[in-house]
Amino acid sequence: VSDQQTEFADFFQASWEPCLRAVVAIVGSLQLAEDQVAEAFAKAWASWPKVRRHPAPRAWVVRTALNAGASWWRRRGRELPLADHDPMASGDLDDGLDARLLTAICRLPPRQREVIALRIFLDLDTATIAGQLGIEAGTARMHLSRGVTALRRELTPTNNMEAGQ
Amino acid sequence: MNVHDELSDNEVLRAASKSLSALPMARPPDVGAIMARGRRRRRHRLSGVAALSVAAAGTALVLGLTGVLGPASARAPGTIRTASFTLVSNSNGTATLTINPNELLDAAALQNDLNQDGIPAMVTSGSFCSSDPAPTGFSQVVSFYPPPTSAFAQQQKGVHPTIAFSPAAMPAGTKLSFGVFQLDSGRQQADFELINVSSYTCTSTPPQGPDNGAQFQVGPTGPAGSATSSQGR
């Protein structure tokens, strides 16, 4: 086994779950996300000499996964259904705050959701997020701020009281 | 979670992270398989350069064939995708069917793809077949997400119903019966339950509710589309 294979295997094991969670949060479907992330990791290995030098390889994988999904939908003459779709819910997930927050995340505009997913799961700063999404750092900060504001509403005592009634 | 009058950005992000982290993820695929897929992609990319000179003629041929055969399903190893559903074969022998709530089901494609994935199924359009008494064990064979009884499931628009199948749990001599009905609303209702292959009857009347199986509806309802679902025993 070459050093590069070992290096990629380590990267894969450490990065699979955070990348998958980020893509699930963005595309709203676990099954689609799994396939897209697997394809993105395959592409990462096919271009490993380049990807290993990337400043944020996990972000490269997530971006590639999202592009793969978008390409698939374009090939089928469809738009990627980001805005109107919610994530697969789990039987293990209770119906309380987590579910409401999940719903709120999925109702964010796509760009806000992307910025928040990259921040949460890849722990990227807004400058790096902006670079990955091809937008200005100020724009990324704006999306993050608006997304957080929308999520905060779900966490306020007023909403919790209403939900409990 | 403690809730304060004004949560900081970091607290909000932590809460969002916690909610998303509550979703269980499948184990990562084998890294060897991923690397093999990457190697195939690399070889394909290299050979693609050499093949460019014949691409134009090839494209014309493919376009011609597509016109005759219709659009093919997009396929990846272990995954079958159509416009109306995605069927994934899991390494543990189970299979997961994710329904696109905005698209009408293609009964023939669903039957073909379920059978290809080793799930004995009979998909009928405009009728539903059932056994009386129904075989036991439906809940061991089929899991439905989101749980049809959850408030979360009921509230969602655009949620992708996901059905997990465990073919190994199917009693001998049984099949999964799917009945797909076109409703006056333009939507479709799909009912499914276990049947005894040697003894079942079919009806052209859509069942009211699932006594021994599950039911969901798909199809256009507006900009977002929606899926509703319910499940019996």
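Refer to the structure presented above.
Residues numbered from 1 in each chain as written. Chains lettered and ligands numbered in written order. Predicted model: local features only at pLDDT ≥ 70, side-chain atom pairs only at ≥ 80, totals over all residues. Heavy atoms only, no water.

Novice: Explanation requested: the overall build of chain A in the structure shown.
Specialist: On a plain count of helices and strands, chain A comes out with nine helices and zero strands. Going from N to C terminus, chain A has its helices and strands arranged as α-α-α-α-α-α-α-α-α. Going through the 165 residues of chain A one by one, you find that 57% of them count as buried. If you take every contact in chain A between residues at least 6 apart in sequence, the share linking residues at least 24 apart comes to 63%. In the structure as shown, chain A presents an accessible area of about 6800 Å², 47% of it carried by carbon and sulfur atoms. (Helix = DSSP H or I, 4+ residues; strand = E, 2+ residues; numbered from the N terminus. Buried < 20%, exposed > 50% of the residue type's maximum accessible area, 1.4 Å probe, protein only. Contact = heavy atoms within 4.5 Å. Areas by Shrake-Rupley, 256 points an atom, 1.4 Å probe, with all protein chains shown as cover.)

Novice: Teacher, can you tell me more about the nonpolar core here?
Specialist: Nonpolar side chains tend to gather and get buried jointly when the protein is soluble and globular. A:Phe8, A:Phe41 and A:Leu151 are the most contacted members of the largest nonpolar core, which has 62 residues in total. Ranked by the residues each element gives to this core, the list is headed by helix H1 (residues 3-27) of chain A, at 13 residues. Discounting residues that sit within four places of it in the chain, A:Phe41 has contacts with A:Phe8, A:Phe11, A:Phe12, A:Ser15, A:Trp16, A:Cys19, A:Val61 and B:Ile34. Counting residues in hydrophobic clusters, the runner-up holds 28 residues, among them B:Ile80, B:Val142, B:Leu194 and B:Ala214. (Core = buried A, V, L, I, M, F, W, Y, C linked by side-chain atoms within 4.5 Å.)

Novice: Please explain the pairing of strand E8 (residues 162-165) of chain B as it appears in this structure.
Specialist: Each regular strand carries side chains that alternate between the two faces of the sheet. All names here are of chain B. Because side chains alternate across E8, one face comprises the buried residues Thr-162 and Ala-164, and the other comprises Ile-163 and Phe-165, equally buried. Here strand E4 (residues 95-99) pairs with E8 via four bridges, running antiparallel. Bridged to Leu-97 within E8 is Ile-163. (Pairing = 2+ DSSP bridges.)

Novice: Explanation requested: helix H2 (residues 30-46) of chain A in the structure shown.
Specialist: Three- or four-residue spacings in an α-helix give side chains the same orientation, since the helix completes a turn every 3.6 residues. Taking 1.5 Å of rise per residue, the 17 residues of H2(A) would be expected to cover 24 Å, and the 24 Å separating its terminal C-alpha atoms lies within 8% of that figure. Among the 17 residues of H2(A), 16 are classified as buried, and the element is accordingly described as predominantly covered. (Expected span 1.5 Å × (residues − 1).)

Novice: In this structure, what is going on with the packing of H1(A) against H2(A)? I would like to understand it.
Specialist: When two helices pack together, their arrangement is captured by the angle between the axes and the distance separating the axes. Residues and elements named next belong to chain A. Interhelical geometry of H1 versus H2 gives an angle of 150° and a closest axis separation of 9 Å. In terms of their interaxial angle, H1 and H2 are classed as roughly antiparallel. Crossing of H1 over H2 shows right-handed handedness. Across the interface between the two elements, Gln-4, Gln-5, Phe-8, Phe-11, Phe-12, Ser-15, Trp-16, Cys-19, Leu-20, Val-23, Val-24 and Val-27 from H1 touch Leu-30, Ala-33, Glu-34, Gln-36, Val-37, Ala-38, Phe-41, Ala-44 and Trp-45 from H2. (Axes fitted to C-alpha atoms, helices over the stretch in contact; angles between N-to-C directions. Parallel < 35°, antiparallel > 145°, perpendicular 65-115°, else oblique. Left-handed = near helix turned anticlockwise from the far one by under 90°.)

Novice: Looking at this structure, I do not really get the state of the cysteines. What am I missing?
Specialist: Residues and elements named next belong to chain B. Going through the model one piece at a time under the given rule, you end up with one disulfide over all chains. Covalent S-S linkage joins Cys-129 and Cys-202, the inter-sulfur distance amounting to 2.0 Å. Disulfide Cys-129 to Cys-202: torsion about the S-S bond roughly 100°, handedness right-handed. Note that Cys-129 is positioned in strand E6 (residues 128-130) and Cys-202 in strand E11 (residues 201-203), a separation of 73 residues in sequence. Under the relative-accessibility criterion, Cys-129 is labelled buried at 2%. (Disulfide = S-S within 2.5 Å.)

Novice: Looking at this model, I keep getting lost on the packing of helix H6 (residues 110-122) of chain A against helix H7 (residues 126-133) of chain A. Mind explaining?
Specialist: Residues and elements named next belong to chain A. The contact between H6 and H7 brings their axes to 10 Å, and the two run at 130°. With respect to each other, H6 and H7 are oriented oblique. In this structure, H6 meets H7 at a crossing whose hand is right-handed. On the side of H6, the interface is formed by Arg-111, Glu-114, Val-115, Leu-118 and Arg-119, while H7 contributes Thr-126, Ile-129 and Leu-133. Among the residues forming the contact of H6 with H7, the class breakdown is four nonpolar, one polar and three charged. (Nonpolar A, V, L, I, M, F, W, Y, C, P; charged D, E, K, R; others polar.)

Novice: Explanation requested: the packing of aromatic side chains in the structure shown.
Specialist: Pairs of aromatic rings are described using the distance from one ring centre to the other and the angle between the two planes. Following the criterion strictly, the structure yields 12 aromatic pairs over all chains and no others. Centroid distance A:Phe8 to A:Phe12: 6.4 Å. Interplanar angle 25°. Geometry classified as stacked. Of this pair, A:Phe8 and A:Phe12 both sit in helix H1, four residues apart, which is roughly one turn of the helix. A residue is classified by how much of its surface remains accessible, and A:Phe8, at 0% relative accessible area, is buried. A centroid spacing of 5.9 Å and a plane angle of 55° characterise the contact between B:Phe138 and B:Phe192, whose relative ring orientation is tilted. Of this pair, B:Phe138 sits in helix H5 (residues 138-141) while B:Phe192 sits in strand E10 (residues 188-196), and the two are 54 residues apart along the sequence. Exposure remark for B:Phe192: the relative accessible area of 1% places this residue in the buried category. Linked through ring pairs, A:Phe8, A:Phe11, A:Phe12, A:Trp16, A:Phe41, A:Trp45 and A:Trp48 together constitute an aromatic cluster. (Phe/Tyr/Trp six-rings, centres within 6.5 Å; stacked < 30°, edge-to-face > 60°.)

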